[in-house]
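Geometric and topological summary
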Amino acid sequence: MSGNCLKFGIATALAILSAPMASAQEAVNADEMAALCHGGGLSTCVSATIPASGTPTVQRWMSSDVGAAWAAGYKGKGVTITIVDDFSSTSRFSGNFGVGVQTQRHGEWTREEAGMIAPLATIRSKDFSTGSAVGLAPGLNVLNLSYGMYAKAGYSSNQIGWAPEEASIISYAIRGTAVVSKAAGNDSVAVGGVTNGQQDYLDLALIGKPSAIFVGALSTNGTTSSKAQLAWYSNTAGSNPLVQSHFLVVGVDGSKTGLYGTSFAAPIISGYAAIIGSKFTTATATQITNDLLNTARTDTLVNYRASVYGKGEASLSRALAPTAIR
């Protein structure tokens, strides 16, 4: 938990969908760029933690499709990914995306992961504690939401008075002006379900929106010869057809990174969306969303069921295969 706040019209606890096995600890030095993002009245900035290097490296936790996309020249160029997350709290935890052990805030981790998948995308940081509207950049925009908005269960979505931040995100998902990649949650329930008497109202608000994708976690990347299964903690698509049709899963191999949770599934889809957008440069956010959903695989999953896996495991190679999308 990141503490209590009034982000919409009822008192709620803002919960980061973080790695359940990661321990929070203090780092020796603060992230200076994140401080710039949060301080001085600025709520959004361009930043990245990935060390500058000549050639990006396909890491062991990535799908092999990523390397194939890069080799074909698609690395996210011309697309902006905005990470809406924690860039200002004192909470930090350790992991390793293959570039050495680091101790970072939740948002710094999700930002780094998206940038590693789509190394030529523009990565922007939006501290979610500010509550101000999320701005869009020219061209294709992708918004990464590795957090939820939890409150006592039982309200309807039209009872919520959202702060400008979430109101803008929901509006973009409705109008299809940004791909919205939302972590499904780590409570082993269906998206929108009740856990400990609470619901994630941001999930509920995004159900049925054209350019929103809920992202669940597999314990590893799947193949036809070695099928993957849903991570024990991951939320599922459930019985709602509107969720099933906008639910994808990707591998979150914590045994390789030390990082677990659907928080680290959503940035993979954010990176995929940017890569696809760098090929289909005139495609809309809704077209990119539909391409990802319609090309997902079910033959790489153990006992595939739509109520568990939604559309299936995201396949970057299949999504990039067409000469055009619509």
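Residues numbered from 1 in each chain as written. Predicted model: local features only at pLDDT ≥ 70, side-chain atom pairs only at ≥ 80, totals over all residues. Heavy atoms only, no water.

Regarding the pairing of strand β13 (residues 247–251)
Summarising burial for β13: five of the five residues are buried, a large majority. Taking every second residue as pointing to the same face, both faces of β13 are buried, with F247, V249 and G251 on one and L248 and V250 on the other. Judged from the five bridges that link them, strand β12 (residues 212–218) and β13 form a sheet pairing that is parallel. Directly across from L218, in β13, lies its bridge partner G251. Relative to strand β14 (residues 312–313), β13 runs parallel, the two being bridged by two bridges. Each residue of the ladder has a partner; that of V249, found in β14, is E313. (Buried < 20%, exposed > 50% of the residue type's maximum accessible area, 1.4 Å probe, protein only. Helix = DSSP H or I, 4+ residues; strand = E, 2+ residues; numbered from the N terminus. Pairing = 2+ DSSP bridges.)

Here's the deal with helix α9 (residues 285–294)
Among all positions of α9, only A285, I288, T289, D291, L292 and L293 are buried. Contacts from the buried residues of α9 go to β10 (179–183), β12, β13, α8 (266–279) and α11 (316–320). (Contact = heavy atoms within 4.5 Å.)

Overview of the packing of helix α3 (residues 106–117) against α8
One way to put it is that α3 packs onto α8 with a least axis distance of 8 Å and a crossing angle of 35°. Every pair of crossing elements has a handedness; the one defined by α3 and α8 is right-handed. Seen from α3, the contacting residues are T110, E113, A114 and I117; seen from α8, they are P267, I268, G271, Y272 and I275. Here the residues of the contact of α3 with α8 are counted per class, giving six nonpolar, two polar and one charged. (Axes fitted to C-alpha atoms, helices over the stretch in contact; angles between N-to-C directions. Left-handed = near helix turned anticlockwise from the far one by under 90°. Nonpolar A, V, L, I, M, F, W, Y, C, P; charged D, E, K, R; others polar.)

Digging into the confidence of the model for the protein chain
On average, the protein chain scores 87 in pLDDT, and the residues at 70 or more come to 83%. In this model residues 1–6 is a low-confidence stretch, pLDDT under 50, and it forms 13 contacts with partners more than four residues away in sequence or in other chains. Predicted confidence for residues 9–14 stays below pLDDT 50, and this span has 24 contacts to residues more than four positions away or in other chains. (pLDDT = per-residue confidence, 0-100.)

Some details on unusual backbone geometry
Its identity as a non-glycine residue notwithstanding, S188 has a phi of 55°, on the positive side. Structurally, S188 is set in the loop between β10 and β11 (198–200). Take S188: its relative accessible area is 43%, and that puts it in the partly exposed class. In this model, N196 sits at a positive phi of 55°, which is unusual for a non-glycine residue. Assignment of secondary structure puts N196 in the loop between β10 and β11.

Things to note about the nonpolar core
Counting 53 residues, the largest nonpolar core has I81, I269 and Y272 as its most contacted members. If one sorts the elements of this core by residue count, α8 sits on top with eight residues. Ignoring sequence-local partners within four residues, the contact set of I269 consists of S181, I213, V215, L248, V250, L292 and A314. Counting 35 residues, the second-largest nonpolar core is a separate cluster that includes L145, Y201, A228 and V249. (Core = buried A, V, L, I, M, F, W, Y, C linked by side-chain atoms within 4.5 Å.)

Overview of the side chain of Q102
In this fold, Q102 is placed in strand β6 (residues 102–104). Within the local environment of Q102, its side chain forms a polar contact with the side chain of E112, the two groups lying 2.9 Å apart. Q102 has contacts with F93, S94, G95, W109 and E112, leaving out every residue within four places of it along the chain. (Polar contact = N/O pair within 3.5 Å; in protein donor to acceptor, adjacent residues only side chain to side chain.)

Some thoughts on the environment of D65
Positionally, D65 belongs in helix α2 (residues 64–71). Classification of D65 by relative accessible area gives buried; the value is 18%. Along the primary structure D65 and S317 are separated by 252 residues, whereas in three dimensions their C-alpha atoms are 5.6 Å apart. With residues near it in sequence (within four places) discarded, D65 still touches S315, L316 and S317. Polar side-chain contacts of D65 include one of 3.4 Å to the backbone nitrogen of L316.

Concerning the pattern of salt bridges
Summed over all chains, the structure comprises six salt bridges. In this structure, R105 and E108 form a salt bridge, with 2.5 Å as the shortest nitrogen-oxygen distance. D203 is the partner of K182 in a salt bridge, and the nearest nitrogen-oxygen pair spans 2.9 Å. Taken together, the residues span a long stretch of sequence, with K182 in strand β10 and D203 in helix α5 (residues 201–206) at a distance of 21 residues. There is no split in this pair, since K182 and D203 are both buried. (Salt bridge = Lys/Arg side-chain N within 4 Å of Asp/Glu carboxyl O.)

A few points about the pairing of strand β8 (residues 141–145)
Extensive coverage of β8 is indicated by the burial of five of its five residues. Side-chain alternation along β8 places N141, L143 and L145 on one buried face and V142 and N144 on a second face that is also buried. Alignment of β8 against β10, held across four bridges, turns out to be parallel. Bridged to L143 within β10 is V180.

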